[in-house]
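Here is how the chains run, residue by residue.
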2 protein chains.
Amino acid sequence: MHEKGLLIVLSGPSGVGKGTVRKEIFSQPDTKFEYSISMTTRSPREGEVNGVDYFFKTREEFEQLIEQGKLLEYAEFVGNYYGTPVDYVRETLNKGRDVFLEIEVQGARQVREKFPDGLFIFLMPPSLTELKNRIVTRGTETEDIINNRLNVAKEEIEMMHLYDYVVENDQIDLACERINAIVVAEHCRRERVEPKYLKMLEVK
Amino acid sequence: MHEKGLLIVLSGPSGVGKGTVRKEIFSQPDTKFEYSISMTTRSPREGEVNGVDYFFKTREEFEQLIEQGKLLEYAEFVGNYYGTPVDYVRETLNKGRDVFLEIEVQGARQVREKFPDGLFIFLMPPSLTELKNRIVTRGTETEDIINNRLNVAKEEIEMMHLYDYVVENDQIDLACERINAIVVAEHCRRERVEPKYLKMLEVK
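Please read these numbers as outputs of a predicted model, since none were measured by experiment.

Novice: Before we go on, may I ask you to explain the environment of Ile157(A) in this structure?
Specialist: Of note, Ile157(A) is situated in helix H6 (residues 143–157). Apart from residues lying up to four places away in sequence, Ile157(A) is in contact with Pro13(A), Phe122(A), Met124(A), Leu128(A), Leu198(B) and Leu201(B).

Shown next, in the form of structure tokens:
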């Protein structure tokens, strides 16, 4: 019998760079996580590929999946749905593989209720000024949307108390190193491994 | 104001290789921990240096330090005292530096009472057979002492529930990697860093 995999949830405020950090982690050749691709009704940004970055769906398709209970979590965010297909997550965890979700803060809260043992990591900007810069630099949004996002981000930072770990995204490579270290550490947590080792004492 | 350092306690059963792992960690040029050298009344083994591996003391000297409350923890183990001088630990933590203790299981229990926030890591042999081999291979002990140690080791493994993490010492370099990852992760724990980040929201 193998152990179940870990559910790793990376979230954080809008604009902090969750997607960039996630891509960097999955570009490393020795990554041991399985990435759960999210679904969204927002339009693909330049370079984004359906089935790689997201599964892009219409509003009608998305709402049908909600009704069928096929989403582990979903959220409406700046007018678009984002969600995580549930079957893939459960099947992969049962195979003993760690699953990596990169999702919005609203969605992470729903996952916490269903998977209290998950590993919840909050990606944090080094400062609010830096966060605003990143939203502006993305260059795809109007000023109203930028201010709206910044206000949403502040509310999201107040949700930090629902998380197990906070990782500062000061440098992408450092943030990835910290996330990898957290997963290694979590696999060594006594509660997870104690039953295996205590069996050792029963065998003569 | 800086954060207080972490107290890292590496312990585990007799013969598991705590000393070897500790030496390997401190031979790495980028180690960020301060090593707290233990005191003992046992005789130096070949190559061990006073003030480097241990502070070697007589029974009389050791018992005087106990009376003066100068030891964070101490234990009598196979006829000898082992202990940790308390002043160095407190001063170094207050400077914001992480302190690394490598101590016996009896002593770790006392430290847990005084430093409940410490980071307690249990070093575990891959199997009991392997543990016996390591005790025998050390080659410095009689058969009676070996059997006595193995029984003590089994009792020590039952103390695992007092620890936060269990690290298997299957390979020294892997064990060191896991310990380093645990410390990185622990510095990202939300409880430790949340106050710092919530202050960010108060500043306009």
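So that's the structure; there's more coming.
Novice: Help me out: how do you make sense of the pattern of salt bridges in this one?
Specialist: All names here are of chain A. Summed over all chains, the structure comprises 26 salt bridges over all chains. A salt bridge links Arg22 to Glu102, with the nearest nitrogen and oxygen atoms 2.8 Å apart. With Arg22 in helix H1 (residues 18–27) and Glu102 in strand S7 (residues 98–102), the pair connects residues that are 80 residues apart, well separated along the chain. On the accessibility criterion, Arg22 (7% relative accessible area) is buried.

Novice: When you look at the sheet that holds strand S9 (residues 165–168) of chain A in this model, what are you seeing that I'm missing?
Specialist: By definition, the strands of a sheet pair up through backbone hydrogen bonds, in either a parallel or an antiparallel sense. Residues and elements named next belong to chain A. Spatial ordering of the open sheet is given by S2-S7-S1-S8-S9, a layout of 5 strands whose pairing is parallel. This sheet does not close on itself; its edge strands, each paired only once, are strand S2 (33–35) and S9. Shown here is a sheet whose adjacent strand axes are inclined to one another by a mean of 30 degrees, direction ignored.

Novice: How should the sheet that holds strand S5 (residues 71–77) of chain A be read in this particular structure?
Specialist: All names here are of chain A. Spatially, the 4 strands line up as an open sheet ordered S4-S3-S6-S5, and their pairing is mixed. Each end of this open sheet is capped by a strand with a single partner; those strands are strand S4 (54–56) and S5. Ignoring which end each strand starts from, the neighbouring axes of this sheet average 25 degrees apart. Of the strand pairs in this sheet, strand S3 (residues 38–40) and S4 are connected by 3 bridges, and their pairing is parallel. Residue pairing for S4: Ser38 is matched across the bridge by Tyr54. Helix H3 (residues 86–94) rests against S5 and strand S6 (80–85) of the sheet, and its axis sits at about 30 degrees to S6.

Novice: How do you make sense of the interface of chain B and chain A when you look at a structure like this?
Specialist: Accessible area lost during the coming together of the parts is what is often quoted as the interface size. Counting residues at the interface gives 33 residues for chain B and 33 residues for chain A. Across the chain B/chain A interface, buried area totals approximately 2,800 Å², and carbon plus sulfur atoms make up 68% of it. Where chain B touches chain A, the interface holds 0 salt bridges. If you look at where chain B meets chain A, you find 14 residue pairs in polar contact (both at pLDDT 80 or more). Those elements that provide at least two residues to the side of chain B that touches chain A are helix H6 (143–157), strand S9 (165–168), helix H7 (172–187) and helix H8 (190–202) of chain B. At 8 residues, H8(B) tops the list of elements feeding residues into the side of chain B that touches chain A.

Novice: What is the right way to read the packing of helix H7 (residues 172–187) of chain A against H7(B) from this model?
Specialist: Each pair of packed helices can be described by the angle between their axes along with the distance between the axes. Axis separation between H7(A) and H7(B) bottoms out at 8 Å; the angle between their running directions is 115 degrees. One finds that H7(A) runs roughly perpendicular with respect to H7(B). For the pair H7(A) and H7(B), the sense of crossing is left-handed. Contacts from Arg178(A), Ala181(A), Ile182(A), Val184(A) and Ala185(A) of H7(A) reach H7(B) at Arg178(B), Ala181(B), Ile182(B), Val184(B) and Ala185(B). Taken together, the residues that form the contact of H7(A) with H7(B) break down as 8 nonpolar, no polar and 2 charged.

Procedures and definitions
Residues numbered from 1 in each chain as written. Chains lettered and ligands numbered in written order. Predicted model: local features only at pLDDT ≥ 70, side-chain atom pairs only at ≥ 80, totals over all residues. Heavy atoms only, no water. Helix = DSSP H or I, 4+ residues; strand = E, 2+ residues; numbered from the N terminus. Contact = heavy atoms within 4.5 Å. Salt bridge = Lys/Arg side-chain N within 4 Å of Asp/Glu carboxyl O. Buried < 20%, exposed > 50% of the residue type's maximum accessible area, 1.4 Å probe, protein only. Pairing = 2+ DSSP bridges. Axes fitted to C-alpha atoms, helices over the stretch in contact; angles between N-to-C directions. Buried area = accessible area lost by both parts, 1.4 Å probe. Polar contact = N/O pair within 3.5 Å; in protein donor to acceptor, adjacent residues only side chain to side chain. Parallel < 35°, antiparallel > 145°, perpendicular 65-115°, else oblique. Left-handed = near helix turned anticlockwise from the far one by under 90°. Nonpolar A, V, L, I, M, F, W, Y, C, P; charged D, E, K, R; others polar.

None of this, on its own, says anything about what the molecule does.
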